[in-house]
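Single-letter residue listing:
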Amino acid sequence: DAKTTQPNSMESNEEEPVHLPCNHSTISGTDYIHWYRQLPSQGPEYVIHGLTSNVNNRMASLAIAEDRKSSTLILHRATLRDAAVYYCILRDVEETSGSRLTFGEGTQLTVNP
Amino acid sequence: KAGVTQTPRYLIKTRGQQVTLSCSPISGHRSVSWYQQTPGQGLQFLFEYFSETQRNKGNFPGRFSGRQFSNSRSEMNVSTLELGDSALYLCASSLHAADSYGYTFGSGTRLTVV
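Residues numbered from 1 in each chain as written. Chains lettered and ligands numbered in written order. Predicted model: local features only at pLDDT ≥ 70, side-chain atom pairs only at ≥ 80, totals over all residues. Heavy atoms only, no water.

A. The state of the cysteines, seen in detail. As enumerated under the stated definition, the model contains two disulfides over all chains in all. Between the sulfur of A:Cys22 and that of A:Cys88 lies a disulfide, 2.1 Å long from S to S. Disulfide A:Cys22-A:Cys88: torsion about the S-S bond near -85°, hence left-handed. A residue pair is termed long-range when its members are at least 10 positions apart, and A:Cys22 in strand β2 (residues 18-23) and A:Cys88 in strand β8 (residues 84-92) qualify at 66 residues. Just as A:Cys22 is buried, A:Cys88 falls in that class too. Here B:Cys23 is linked by a disulfide to B:Cys91, with a sulfur-sulfur distance of 1.7 Å. Because the sign of the S-S torsion sets the handedness, a value of about -55° for the bond joining B:Cys23 and B:Cys91 places this disulfide among the left-handed ones. Of this pair, B:Cys23 sits in strand β3 (residues 19-24) while B:Cys91 sits in strand β9 (residues 87-94), placing them 68 residues apart in sequence. In this structure, B:Cys23 and B:Cys91 share a single accessibility class: buried. (Disulfide = S-S within 2.5 Å. Helix = DSSP H or I, 4+ residues; strand = E, 2+ residues; numbered from the N terminus. Buried < 20%, exposed > 50% of the residue type's maximum accessible area, 1.4 Å probe, protein only.)

B. Local environment of the sheet that holds strand β8 (residues 74-78) of chain B. All names here are of chain B. The antiparallel open sheet is built from four strands, whose spatial order is β1-β3-β8-β7. Whereas interior strands pair on both sides, the edge strands pair on one side only; in this sheet they are β1 (5-7) and β7 (64-68). Each neighbouring strand pair of the sheet contributes to a mean axis angle of 20°, computed without reference to strand direction. In this structure, β1 lies alongside β3, joined through three bridges in antiparallel fashion. Residue pairing across strands places glutamine 6 opposite cysteine 23, the latter belonging to β3. (Pairing = 2+ DSSP bridges. Axes fitted to C-alpha atoms, helices over the stretch in contact; angles between N-to-C directions.)

C. Here's a closer look at the environment of B:Ile26. Residue and element names in this part refer to chain B. Along the chain, the position of isoleucine 26 falls in the loop between β3 and β4 (31-38). The buried category is assigned to isoleucine 26, whose relative accessible area is 6%. With 69 residues separating them in the primary sequence, isoleucine 26 and leucine 95 have C-alpha atoms 8.7 Å apart.

D. Structural detail: the side chain of B:Gln37. Along the chain, the position of B:Gln37 falls in strand β4. Classification of B:Gln37 as buried rests on a relative accessible area of 16%. At 2.8 Å, the side chain of B:Gln37 forms a polar contact with the side chain of A:Gln38. Ignoring any residue separated from it by four or fewer positions in sequence, one finds B:Gln37 in contact with A:Gln38, A:Tyr87, B:Gly42, B:Leu43, B:Ala87, B:Leu88 and B:Leu90. (Polar contact = N/O pair within 3.5 Å; in protein donor to acceptor, adjacent residues only side chain to side chain. Contact = heavy atoms within 4.5 Å.)

E. Broad picture of the sheet that holds strand β4 (residues 45-50) of chain A. Residues and elements named next belong to chain A. Strand order in the open sheet formed by five strands is β1-β9-β8-β3-β4, with mixed pairing between adjacent strands. The strands lining the two open edges of the sheet, one partner per strand, are β1 (9-13) and β4. This sheet shows a mean twist of 25° between the axes of neighbouring strands, independent of strand direction. Sheet topology places strand β3 (residues 31-38) next to β8; eight bridges connect them, and they run antiparallel. Opposite tryptophan 35, over in β8, you have cysteine 88 as the bridge partner.

F. Representation of the packing of aromatic side chains within the structure. Residues and elements named next belong to chain A. Within the structure shown, the criterion is met by 10 aromatic pairs over all chains. Here tyrosine 36 and tyrosine 46 contribute two aromatic rings whose centre-to-centre distance is 5.8 Å and whose plane-to-plane angle is 75°, an arrangement assigned as edge-to-face. Of this pair, tyrosine 36 sits in strand β3 while tyrosine 46 sits in strand β4, and the two are 10 residues apart along the sequence. Classification of tyrosine 36 as buried rests on a relative accessible area of 0%. In this structure tyrosine 46 comes out as partly exposed when scored by relative accessible area, which is 25%. (Phe/Tyr/Trp six-rings, centres within 6.5 Å; stacked < 30°, edge-to-face > 60°.)

G. Region of the structure containing the pattern of salt bridges. Residues and elements named next belong to chain B. Counted under the stated rule, the structure contains seven salt bridges over all chains. Where arginine 63 meets aspartate 85, a salt bridge forms, and the shortest distance between an N and an O atom there is 2.8 Å. Here the residue arginine 63 occupies a position in the loop between β6 (53-57) and β7, and aspartate 85 occupies one in the loop between β8 and β9, the gap between them amounting to 22 residues. Judged by relative accessible area, aspartate 85 falls into the buried class, the value being 3%. The salt bridge involving glutamate 75 is made with arginine 73; its shortest N-O contact spans 3.4 Å. Relative accessible area serves as the criterion here: at 16%, glutamate 75 is assigned to the buried category. Overall, arginine 73 belongs to the partly exposed group, its relative accessible area being 24%. (Salt bridge = Lys/Arg side-chain N within 4 Å of Asp/Glu carboxyl O.)

Okay, here's the thing in structure tokens:
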């Protein structure tokens, strides 16, 4: 699996936007970019995914660089409930021998009241 | 709709014993994956099942095994438990074995080996 690089930690204030970066310089053409987050004492939660175009859903937005070597997860207005570890993961959609998620260390997001 | 259900939530076992964990995926989901999470190693993939067949396996010893039933429910078994097996074991389900969409995780089973 192609590797992703994320900052270990980031801090934000409540109700402010948060931009969580992810570098994936070895991404292949069939790799989707997925973001998951893990709140304390819970399993990971799917946030958003994309291939080439920017994506929006009710939880967040995903901005993908034109060369696809980096992406940014955007939380438009952080709340205390958004404090979690955020994982950026690449998934090869054409993998035929099954599929797995390769988690890195992720970014610990702290949201200050 | 009901999420991914893992049972039990907490478990304490003694070294040398064996343990079986259960996972019920979201209705209609045919792919079930298992992950181990420890403070030192983070989240690591154990194996994936699709339509009762193991399609992918992580780098874990043979003491770790699993199976999937015809109703897509899955179990994982760890034999001859070691202290290092203490971890949060997470199950995730998705519609297909390899699609571009997301997995839904359960809340996990916290296994403590003493």
